[in-house]
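Letter by letter, the chains look like this.
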Amino acid sequence: MIPTQKNLEDAIFDALDKTLIKLLSMYPDHSFYYFALITTGEASSPFISVWSRELLESTAKSNEDTENLKWSCSESPLCFFAVECFKTVDDLFQRRPEMNSDLSDAEWKLEYDLRLDAMEFALKRLDLNGVFGLGKARDKIYINVECMPPDYTNTDRAYRLNPINALSTWLEEAAE
């Protein structure tokens, strides 16, 4: 049986929940400002990248380009954090139609949108549960589902997933 969008969303939600528990237990005193679910331009199974102010400070000491470092998912020491939590997600993605040339353009777009929607809705569910904070605390962290390489859809999702105060610095410094 081919997993549905809801199956993907639920599995991603569970993986994110486990990831956050692990993240907060390993870095309890960190001030996180960036939490992204990363995928490729083919909407492959996602992984996590996270930045905290403390990680940025320690990483910046050995990097001359701190401006681009701040929002770089691939430069984060926590890129691919807790990938073991995404085993079920990976398995479900493998059971979806392959994102290749055998799909028509319309079929490819439908599959791509289904996968990205599942990622976005799972992250939004976590946010609605208050995991990223409430009120002013929520304004301190930018969350998103980001495609790599970056494209304009990252900005569209950022607007849907974040309050404007959480988004403003990212828009000024990193938006596509």
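Before reading further, recall that the structure is shown in the block above.
In this text the structure is predicted, and so the values were computed from the model without any measurement.

Visitor: I keep staring at the environment of E146 and nothing clicks. Help me out?
Guide: Following the sequence through the fold, E146 ends up in strand 3 (residues 142-148). Spatially, the C-alpha atom of E146 lies 25 Å from that of P28, the residues being 118 residues apart in sequence.

Visitor: Whenever I open this one, the pairing of strand 2 (residues 47-52) confuses me. Can you help?
Guide: Two faces belong to every sheet, and in a regular strand the side chains alternate between them. In terms of residue burial, strand 2 counts as a mostly covered element, since six of its six residues are buried. Of the two faces of strand 2, the one holding F47, S49 and W51 and the one holding I48, V50 and S52 are both buried throughout. In this structure, strand 1 (residues 32-40) lies alongside strand 2, joined through six bridges in antiparallel fashion. Each residue of the ladder has a partner; that of I38, found in strand 2, is F47. Count of turn residues in the strand 1/strand 2 antiparallel hairpin: six residues, of which A43 carries a positive phi of about 55°.

Visitor: Looking at this structure, I do not really get the sheet that holds strand 1. What am I missing?
Guide: What holds strands together in a sheet is hydrogen bonding between their backbones, with the strands either parallel or antiparallel. Spatial ordering of the open sheet is given by 2-1-3, a layout of three strands whose pairing is mixed. Of all the strands in the sheet, just strand 2 and strand 3 have a single pairing partner and so form its edges. Strand after strand, the sheet turns through a mean of 25° between neighbouring axes, direction not considered. Of the strands in this sheet, strand 1 and strand 2 are in contact with helix 1 (residues 5-26), which crosses strand 1 at around 140°.

Thresholds applied
Residues numbered from 1 in each chain as written. Predicted model: local features only at pLDDT ≥ 70, side-chain atom pairs only at ≥ 80, totals over all residues. Heavy atoms only, no water. Helix = DSSP H or I, 4+ residues; strand = E, 2+ residues; numbered from the N terminus. Buried < 20%, exposed > 50% of the residue type's maximum accessible area, 1.4 Å probe, protein only. Pairing = 2+ DSSP bridges. Axes fitted to C-alpha atoms, helices over the stretch in contact; angles between N-to-C directions. Contact = heavy atoms within 4.5 Å.

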